Amino acid sequence: MKTQNSVPTTKVARASQFVKAGVKVGGNYIKHYSKKLLDPELSKEELHKDNAADIYDALSELKGSALKMAQMLSMDRGLLPVAYSDKFTMAQYSAPPLSGPLVVKTFRTYFGKSPNELFDKFDINSVNAASIGQVHQAWKEGRKLAVKVQYPGVADSVSSDLKIAKPLAVRLLNLDERQIDRYMGEVESKLLEETDYDLELRRSIEISEACAHIDGLVFPTYYPELSSKRILTMDWLDGQHLKEFLATNPSQEVRDRIGQLLWDFYDHQIHTLRQVHADPHPGNFLMRADGTLGVIDFGCVKVIPDYYYDNYFRLINPDTIKDQALTEQIFTNLEFLVAQDSPKDRRFFSDLFVQMIEMLGAPFAVDEFDFGDDAYFNKVYAFADELSKLEELRSSKVVRGSQDGLYVNRTYYGLYAMLNELRARVRTTKPEWLRSQQVASV
């Protein structure tokens, strides 16, 4: 793969890259409609592929928050045409890597030494390159290590990239600019945290130790003396990413085992630790033929406030939804319903959110759930498609839902998507208070 010798870091250079992508996309549309004059039956498939390639190429050169947005979009199945989600999936672990001289420069900046002076052996060619940094193999005192090196300028460009993205979000989603600020603030704070490898080191050690009791989960050992604010060193873990793993045709038993580990890992974090690995995409997990699961990359961790946890998960208990007054109070607490809603608005949005909760909470309503059930996921995607067409939502300039829900919802969306690809059957363990007491008393 071609390496990258520099990363645009100034506001002007990064904005120019966005503009360049826009010009290419415009050219693709002209080419498409010119062909369509000759062939009226021509589909948009080729257009989507060309646009996806040009947009990804631009974002991959920018790296950082721009490429992270592509990575996040790749997880949202059904939101984008397949050509986009397939291309953007590369942002999870196959972005163009930095050249060797830039890697050495980063080491000299933070350690005053080259990587070959710190390690017994260091492979200057990266093995994985994602949105925030790339991973190299190294060896020291007989141990094989993974060394994550952050791209230069990524931390400094987060705020300016989001300022470029904000007008696009306002225009495309028809939102009030003031309403979207709090969500942009949540995204910005999380992206800035992801660039702080000192913070990631502390969280990695803390959460991996807190989840070490889950048999079958494997965490690396981390090395503070070989880490810094922009470089993170840990043990190398063997395993395969999801698509590679599935290509080996694992048995249903092994897929169920790994699916159960994923569920148990998130169940413990959310309900016991109240903080969660909020970046559940396949690039952060290593799957093995024996049914064990390696967990890496704790850069994006969402600390769940008590008020949000108590309200959000109370809705999961089927008894809550049967109590209309209580449900509407929780919807108000979580900002699904707002003060300016008319009685008609309250009824409309309450009914809508009840449907959403019953659908997305379905795995919690049973003791075992088959995430390989395509009928369930097709129903979810069809519901999302219907929501996008509702005039009441399209014309509303109110952003509904607490900003704390952004990463909690993203966590469950990513978890469900991985379990669906695994086609895993999972025991959906949960705290006892999330179970219906009416069912328990029958």
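Just above sits the structure.
Below, the structure is looked at part by part. Note that this is a predicted model, so its numbers are computed, not measured.

## Topic: the overall build of the chain
- Counting secondary structure elements, the chain contains 19 helices and twelve strands.
- The buried share of the chain, taken over its 442 residues, is 51%.
- In the chain, of all internal contacts separated by at least 6 residues, the share reaching a separation of at least 24 is 71%.
- Split by element, the accessible area of the chain, about 20800 Å² in all, is 54% carbon and sulfur.

## Focus on the nonpolar core
- If you look at the biggest cluster of nonpolar residues, it comprises 90 residues, and the most contacted ones within it are F107, F119, F265 and Y412.
- Beyond its immediate stretch of four places on either side in the chain, Y412 contacts I270, H271, Y312, F313 and F364.

## So, the packing of aromatic side chains
- Taken as a whole and assessed by the stated rule, the structure comprises 28 aromatic pairs.
- With 5.8 Å between their ring centres and 25° between their planes, F119 and F122 make a pair best called stacked. Like F119, the residue F122 is buried in the burial classification.
- Aromatic side chains F313 and Y412 sit 6.2 Å apart centroid to centroid with 65° between the ring planes, which places their arrangement in the edge-to-face category. Residue F313 is found in helix α12 (residues 306–314), and its partner Y412 is found in helix α18 (residues 405–422); the two are separated by 99 residues along the sequence. A single burial state applies to F313 and to Y412, both of which are buried.
- Stacked on the ring of Y309, the Lys or Arg R274 has its end atom at 3.6 Å from the ring centre.

## What to know about α18
- Between its first and last C-alpha, α18 extends 26 Å over 18 residues, near the 26 Å set by a 1.5 Å rise per residue.
- Summarising burial for α18: 14 of the 18 residues are buried, a large majority.
- Positive phi shows up at R423, right after α18, with a value of about 55°.

## Focus on the pairing of strand β6 (residues 231–235)
- With four of its five residues buried, β6 lies for the most part within the structure.
- Examined bridge by bridge, strand β4 (residues 143–150) and β6 share five bridges and lie antiparallel to one another. When the sheet's bridge partners are listed, A146 is paired in β6 with M234.

## Description of the sheet that holds strand β8 (residues 285–287)
- With mixed pairing, three strands are arranged side by side in an open sheet as β5-β9-β8. Two strands bound the open sheet, and with one partner strand each, they are β5 (217–218) and β8.
- Where β5 lies against strand β9 (residues 293–295), two bridges are found, and the strand directions are parallel. Looking across to β9, one finds that V218 is bridged to G294.

## What about unusual backbone geometry?
- The backbone of R274 shows a phi angle near 60°, a positive value even though the residue is not glycine.
- Within the secondary structure, R274 is located in the loop between α11 (252–273) and β7 (275–277).
- Unlike most non-glycine residues, E335 shows phi in positive territory, near 65°.
- For E335, the location among the structural elements is in the loop between α14 (324–333) and α15 (343–360).
- Relative accessible area serves as the criterion here: at 26%, E335 is assigned to the partly exposed category.

Rules used in this analysis
Residues numbered from 1 in each chain as written. Predicted model: local features only at pLDDT ≥ 70, side-chain atom pairs only at ≥ 80, totals over all residues. Heavy atoms only, no water. Helix = DSSP H or I, 4+ residues; strand = E, 2+ residues; numbered from the N terminus. Buried < 20%, exposed > 50% of the residue type's maximum accessible area, 1.4 Å probe, protein only. Contact = heavy atoms within 4.5 Å. Areas by Shrake-Rupley, 256 points an atom, 1.4 Å probe, with all protein chains shown as cover. Core = buried A, V, L, I, M, F, W, Y, C linked by side-chain atoms within 4.5 Å. Phe/Tyr/Trp six-rings, centres within 6.5 Å; stacked < 30°, edge-to-face > 60°. Lys NZ or Arg CZ within 6 Å of the ring centre and 35° of its normal. Expected span 1.5 Å × (residues − 1). Pairing = 2+ DSSP bridges.

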